[in-house]
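Breakdown of the fold
Okay, here's what each chain looks like letter by letter:
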Amino acid sequence: MRNNGKERRFTKLKKISCWLLILLVAFTLFGFFGAPPLLKSILVKQISVNLHRNASIDKIYINPFTLTARISGITIKEKGQKETFFSLDMLESSIDISVIKGNIVLDRLVLKRPYLHVVRHNDGSYNFSDILEKKEEAKSSAGAGKASKPVAFALHGINLQNGSVDFRDDPLNKVHRIRELNLTIPFISNIPRDIQTNVHPVLSLKINDAPYTIKGKTKPFADSHETTFDINMGNINVPFYMSYLPVKLPYRVSAGTLSIKANMVFIAYKDHNKEPSLALTGTVGLTDFSVHDMTDRPILSFPALNITLASVEPLVKKFHLAGLSLQSPRISLIRNKEGKLNVEPPASDEETKKKKQETRKGQTSQKPVKSDQDDTFRFIVDTVELNDGSVVLEDRSSPDTAHVSLDKMELRGSGISLDREKKGEFSLSLKINKKGTISADGSLTLRPLTVNTKVILKQIDIRPFQPYFADKVNITVTGGSIHGSGKLAVTESEKDGLGIRYNGEASVTKLASIDKESGDDILAMKSLFFKGIDFADKPTRLTVKGVAATDFDAHVAINEDGTINLQNIVVKDEPPIEKTTPAPAAEPAEKKKTASGDKEPPASVKINAVTLQGGIIHFVDSSVSPEYSTELTELGGRISNLSSDAKTMADVELRGKFDDYAPLEIVGKINPLRDDLYVDLKASFRDMDLSPVTPYSGKYAGYVIDKGKLSFNISYLIDKRKLDSKNDIFIDQLTFGQRVESPDATKLPVKLAVALLKDRQGRITLNIPVTGSLDDPKFSVWKIILKVLTNLLAKAATAPFALIGSLFGGGEELGYVEFDYGQSTLSEGNLKKIETLAKALQERTALRLDITGYADVERDKEGLKQYLLQKKVRARKLKDLAKKSTTDINVDDVRIDPQEYEKYLRLAYEAEKFPKPRNVIGFAKTIPVAEMEKLILTNTAIKNEDLRTLAAQRASKVREAILKSQGIDAGRVFIVEPKSLTPKKDEKLKESRVEFSLK
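Residues numbered from 1 in each chain as written. Predicted model: local features only at pLDDT ≥ 70, side-chain atom pairs only at ≥ 80, totals over all residues. Heavy atoms only, no water.

1. Side note on the pattern of salt bridges
Going through the model one piece at a time under the given rule, you end up with 28 salt bridges. Note that Arg252 is salt-bridged to Asp296, the shortest N-O span being 2.4 Å. One end of the pair, Arg252, is in strand β10 (residues 251–267); the other, Asp296, is in the loop between β11 (277–293) and β12 (298–313), with 44 residues separating them in the sequence. Residue classification places Arg252 among the partly exposed positions, given a relative accessible area of 37%. Across the pair Asp407 and Lys434 runs a salt bridge whose closest N-O atoms are separated by 3.3 Å. (Salt bridge = Lys/Arg side-chain N within 4 Å of Asp/Glu carboxyl O. Helix = DSSP H or I, 4+ residues; strand = E, 2+ residues; numbered from the N terminus. Buried < 20%, exposed > 50% of the residue type's maximum accessible area, 1.4 Å probe, protein only.)

Encoded structure:
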């Protein structure tokens, strides 16, 4: 029984062994020979169906005992094409499946020489877009069901070898090639015991021949998803990839190689309440970089830019750079006529339209910069270094193109940060326009912006900056440099925006300028120095301890057309006349408001002292012929305590010499800086030789000047826009020479006017007061003075005796002497007139006097008869007196008493030869006094010759009285024979008179 049992068990075991052997043989045969073609058929079919692309596999090898598989010659064609979309030379793997634990373990996965062909079409789609769309559909369908638990797996030795990718970008007509693509993942697993084990992937490849290496360390299935990558990328061709930027730039990157060597740590928590983190450290380098504009003009180039990343965490807005170093940057900028730089992107039509609307509405005022930036954003640079930089600017926004260059630029910075109130240090030095230098050394805070630095400027040439003001002035600066040193502070506040303050000094040296049209010199100055400057713009305040102008040389010229070269130095704006709605009037300065809405206080300006030394003013007048020129030399002096404070007056004291010998002095008080101009000045000028101004006297007076000197004392008071001035003019020994023919010469008697005004010492003294309002557009001091002088000439021509009378008393009545009819005797009143006239002749030694006697034909005849009657009566008494007196007595001096008048009249009557009335016995009849007078008068015949004699006697009597009165030279007083016996009719005057004429 026992044996039978053993046999049955043996037989059963033998059957099992046979079946196992059969199964083993079948498994082996199927694994080695049946499974590969079956799997090949299934895979090719599934790939072709799912990808809609023809697929093929050369060979599949399976080892059923070691659970290894090898697939070779995998090829997937492009959809509907013969070109290869994907290929893989060989795929090898070894699988370990734990049925009990439900784990899948791949001991080895090798992909040899994979290849992928990618195409981006012109419509933006890719040659695999259909695959992605299908996958999204499948994903959406799967998402509708219940999520399944992921299969636990572990992969050992993932290795992708020598892969390649061809990417053809049709829109940009570019082809990118990836070669030598290698990926190694030693181990990766989501099995719980392996979750905290670090995975160390290594990726290396060449993109367009540029090598890249990325080494990582990650825990992809841990709660933190912590990942670390060591990124090593070199020789990245930057221009090649710039075309993929989403924005179109107005320039192109023409060269540049990017290198990155960095460590990246990324942590993404499964708990979504925790924010992920990303941190980068390492270095970024950009070499041989250059940018050109669209006309192939260089914009930017540099050999090296190196950035050291201390800790860059973009997810939390933290950027900490250990260092930033830029070597030899070269920047070339062009600013067009609209003011845009060649690196600025063109404005859109909408932006342009909006800007125009704002301009029309007057809404382009600049708003203050606010400092309320996001405090969570942090930017820190430990050290900044820029070496040997240069910038070239070609600015075409002005009528004349400006060229500005900055060279040898050196910048050092440390601790530069966007942290609020975090202070950094910096130093800067550069050369400007090859000659000047600028250096700055100080501290910098970015939030809010605060700069405190010491600034030094040397030899900054003004000429390159001339285009910025050339359209505003009509001069050309031919030389001049700016210098300065001091402390500059720039501060930013939310209330007022940016504010500037400067403490230090500044100067302009070797300044020279010429007239833009004529090329003549305008202004030159050896030095203009500003000492102790304290300037601030919020509010505007300027204090200067001292200003010194040394060896300045100014040129004032009157052109041939009468214009002055200085009157058009500043170009006057003449805007086109447009019918527009008037803009609201600007608020007065004291009512202007700051950005915060507060009233802005008026600007405060104070200059403690201004010193002038060694000044020369050249004056040339080309409007006269010959051309007149002169100089004001040794001009110097001081102006102290200049201030915009209305209560403060500046003291002025200036001195100089006219043509190196005639002294000029100006003293007084002024305040030109306050809104309401105040001037209280006195100026004196002595002994200017007048012979050089012959061109003026010839043109306007019609005579050359042989000799003469000019002096003046003037005083000007301007207060509350009202002028009150006194102009005392002194001319000594003015002597005119030969006549000059000039169409501009006055027809008035210039020589007579001079003779009337010139005293016995040969001096002319004029006092011309001028008053008026500066607000009157027609008001002009010199026009008023010229008008006064013209009136003097006119008065000398038309009313010379009125002019004499204004100087010596009297008036126009000095021009004549009236006589009693028939008389030539000077009355007491006539003698006073003659005395005044003689005094004027004595004081005005250049004057000559003409005397002309006249008679009244009717009245002087009667008067002469009366005179002859009385003369006959006095002659009878003179006969008696002669018997008693031993002295000579003039008949006109004899006085007849009333009681003796009849006696001597009768004697005169009896001596007459005309027939006399007789009585009845034949004797002469005794008649009354009246009858005797009537008979004598009627028998006295007066002829015109007698009247001419009377007129001549009158002129002679006056001449004798004048010559006798003041000892006047007889050669200056002339009796002129009248052209007619009677003078010109004048109802106010008697015809029996003597008239005077001055020459």
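So, next bit.
2. Some words on the confidence of the model for the chain
Averaged over every residue, the pLDDT of the chain is 77; the share at 70 or more is 77%. At the low end of the mean pLDDT range in the chain sits helix α4 (residues 349–361), at 59; at the high end sits strand β17 (residues 423–432), at 93. Note that residues 362–372 has pLDDT below 50 and, in this model, 16 contacts with residues that lie over four places away or in other chains. Segment residues 577–591: pLDDT under 50, and 4 contacts once partners within four positions in sequence are set aside and those in other chains are kept. (pLDDT = per-residue confidence, 0-100. Contact = heavy atoms within 4.5 Å.)

3. Observations regarding unusual backbone geometry
Note on backbone geometry: most residues besides glycine have negative phi, and most peptide bonds are trans. Cis rather than trans, the peptide bond between Arg447 and Pro448 has omega equal to -10 degrees. Locating Pro448 in the fold gives a position in the loop between β18 (436–446) and β19 (449–461). A cis geometry characterises the amide bond from Lys538 onward to Pro539, with omega recorded as -5 degrees. Take Pro539: it is sitting in the loop between β22 (521–537) and β23 (540–558). Of note, Arg113 is a non-glycine position whose phi angle comes to about 50 degrees, a positive value. Here Arg113 is to be found in strand β4 (residues 103–120). In this model, Ser328 sits at a positive phi of 50 degrees, which is unusual for a non-glycine residue. Along the polypeptide, Ser328 turns up in the loop between β13 (318–327) and β14 (330–335).

4. Some words on the sheet that holds strand β32 (residues 816–818)
Read across the open sheet, the 4 strands follow the order β32-β35-β33-β34; overall the sheet is mixed. One side of each edge strand has no neighbouring strand; the edge strands of this open sheet are β32 and β34 (973–975). For this sheet, the mean inter-axis angle between neighbouring strands, taken without regard to orientation, is 20 degrees. Examined bridge by bridge, strand β33 (residues 849–853) and strand β35 (residues 993–998) share 5 bridges and lie antiparallel to one another. Opposite Thr852, over in β35, you have Glu995 as the bridge partner. (Pairing = 2+ DSSP bridges. Axes fitted to C-alpha atoms, helices over the stretch in contact; angles between N-to-C directions.)

5. Description of helix α5 (residues 694–701)
Along α5, 6 of the 8 residues are buried, which leaves the element largely enclosed by surrounding structure. Looking at the residues trailing α5, positive phi occurs at Gly702, about 85 degrees.

6. Observations regarding the packing of helix α11 (residues 898–911) against helix α12 (residues 929–938)
Two elements in contact, α11 and α12, have axes separated by 10 Å at closest approach and are oriented at 40 degrees. Comparing their axes, α12 and α11 come out oblique. Judged by the sense of rotation from one axis to the other, the crossing of α11 with α12 is left-handed. Along the contact surface, α11 presents Tyr901, Glu902, Leu905, Arg906 and Tyr909, while α12 presents Val929, Met932, Glu933, Leu935 and Ile936. Its residues assigned to classes, the contact of α11 with α12 shows 7 nonpolar, no polar and 3 charged. (Parallel < 35°, antiparallel > 145°, perpendicular 65-115°, else oblique. Left-handed = near helix turned anticlockwise from the far one by under 90°. Nonpolar A, V, L, I, M, F, W, Y, C, P; charged D, E, K, R; others polar.)

7. Thoughts on the environment of Leu826
Relative to the elements of secondary structure, Leu826 occurs in the loop between β32 and α9 (828–843). With 128 residues separating them along the chain, Leu826 and Arg954 place their C-alpha atoms 8.3 Å apart. Contact partners of Leu826, with chain neighbours within four places excluded, come to Val817, Phe819, Leu831, Ile834, Lys957, Val958 and Ala961.

8. A short note on α12
For α12, the full list of buried residues reads Met932, Ile936 and Leu937. Axial view of α12: buried residues confined to an arc of 125 degrees, hence all on one face. Facing away from the buried surface of α12 by more than 90 degrees, the exposed residues are Ala930 and Thr938. Close packing links the buried residues of α12 with α10 (857–884) and α11. (Arc of directions from axis to C-beta.)

9. Let's talk about the nonpolar core
Judged by nonpolar contacts, the single largest core of 52 residues is most densely connected at Met688, Leu734 and Phe736. Among the elements that take part in this core, strand β29 (residues 703–719) stands out by supplying 6 residues, more than any other. The residues touching Leu734, leaving out its near neighbours within four places in the chain, are Leu690, Ile705, Lys707, Gly708, Val754, Lys758, Gly762 and Ile764. Val238, Val291, Ile307 and Ile416 belong to the second-largest nonpolar core, a separate cluster that totals 29 residues. (Core = buried A, V, L, I, M, F, W, Y, C linked by side-chain atoms within 4.5 Å.)

10. Some words on the packing of α10 against α12
Packing of α10 against α12 brings their axes to within 10 Å, and their N-to-C directions diverge by 120 degrees. When the interaxial angle is binned, α10 and α12 end up oblique. Handedness of the α10/α12 crossing: right-handed. Residues Lys865, Gln866, Leu869 and Lys872 of α10 form the contact with α12, whose participating residues are Glu933, Ile936 and Leu937. For the contact of α10 with α12, the per-class residue count stands at 3 nonpolar, 1 polar and 3 charged.

11. Points about the packing of aromatic side chains
Taken as a whole and assessed by the stated rule, the structure comprises 3 aromatic pairs. Both rings, one in Tyr126 and one in Phe167, keep their centres 6.4 Å apart while their planes meet at 25 degrees; by these two values the pair is stacked. Within this pair, whereas Tyr126 is found in the loop between β4 and α2 (129–143), its partner Phe167 is found in strand β5 (residues 152–169), the two being separated by 41 residues in sequence. Taking relative accessible area as the criterion, Tyr126 reaches 31% and is therefore assigned partly exposed. One aromatic cluster is present, built from ring pairs that chain together Tyr126, Phe128 and Phe167. Positioned above the aromatic ring of Tyr816, the side-chain terminus of Lys833 is 3.9 Å from the ring centre. A cation over a ring is seen here: Lys990 above Tyr821, with NZ or CZ 4.5 Å from the ring centre. (Phe/Tyr/Trp six-rings, centres within 6.5 Å; stacked < 30°, edge-to-face > 60°. Lys NZ or Arg CZ within 6 Å of the ring centre and 35° of its normal.)

12. Description of the pairing of strand β28 (residues 678–689)
Both strand β27 (residues 662–671) and β28 contribute to a ladder of 8 bridges, which runs antiparallel. Among the inter-strand pairings, Leu664 is bridged to a residue of β28, identified as Phe685. As defined by bridge partners, β28 adjoins β29 across 9 bridges and the pair is classed as antiparallel. In the sheet register, Ala683 faces β29, and the bridge partner there is Ile714.

13. As for the side chain of Ser443
Checked against the element boundaries, Ser443 lands in strand β18. Filtering out sequence-adjacent residues up to four positions away, Ser443 remains in contact with Lys423, Gly424, Glu425, Phe426, Thr450, Val451 and Asn452.

14. Re the pairing of strand β25 (residues 628–643)
Side chains on a regular strand alternate between the two faces of the sheet. In terms of strand pairing, strand β24 (residues 604–621) meets β25 through 12 bridges, oriented antiparallel. In the sheet register, Phe619 faces β25, and the bridge partner there is Thr630. Direction of pairing for β25 relative to strand β26 (residues 650–658): antiparallel, over a ladder of 7 bridges. By the bridge assignment, Gly637 is partnered in β26 with Leu654. The loop that links β25 with its antiparallel partner β26 comprises 6 residues.

15. Concerning the environment of Tyr678
Secondary-structure assignment places Tyr678 in strand β28. Judged by relative accessible area, Tyr678 falls into the buried class, the value being 15%. Residues Tyr678 and Leu717 lie 39 residues apart in sequence; the distance between their C-alpha atoms is 7.6 Å. If near-sequence neighbours (up to four positions away) are discounted, Tyr678 is found in contact with Met649, Lys669, Ile670, Asn671, Leu717, Ile718 and Asp719.

16. A short note on a nonpolar patch on the surface
On the surface, Phe266, Leu315 and Val316 cluster together into a nonpolar patch covering about 250 Å² of accessible area. On the secondary structure map, Leu315 appears in the loop between β12 and β13. (Patch = residues over 30% accessible without salt bridge, like charges linked within 9 Å, V, L, I, M, F, W, Y side chains within 5 Å. Areas by Shrake-Rupley, 256 points an atom, 1.4 Å probe, with all protein chains shown as cover.)

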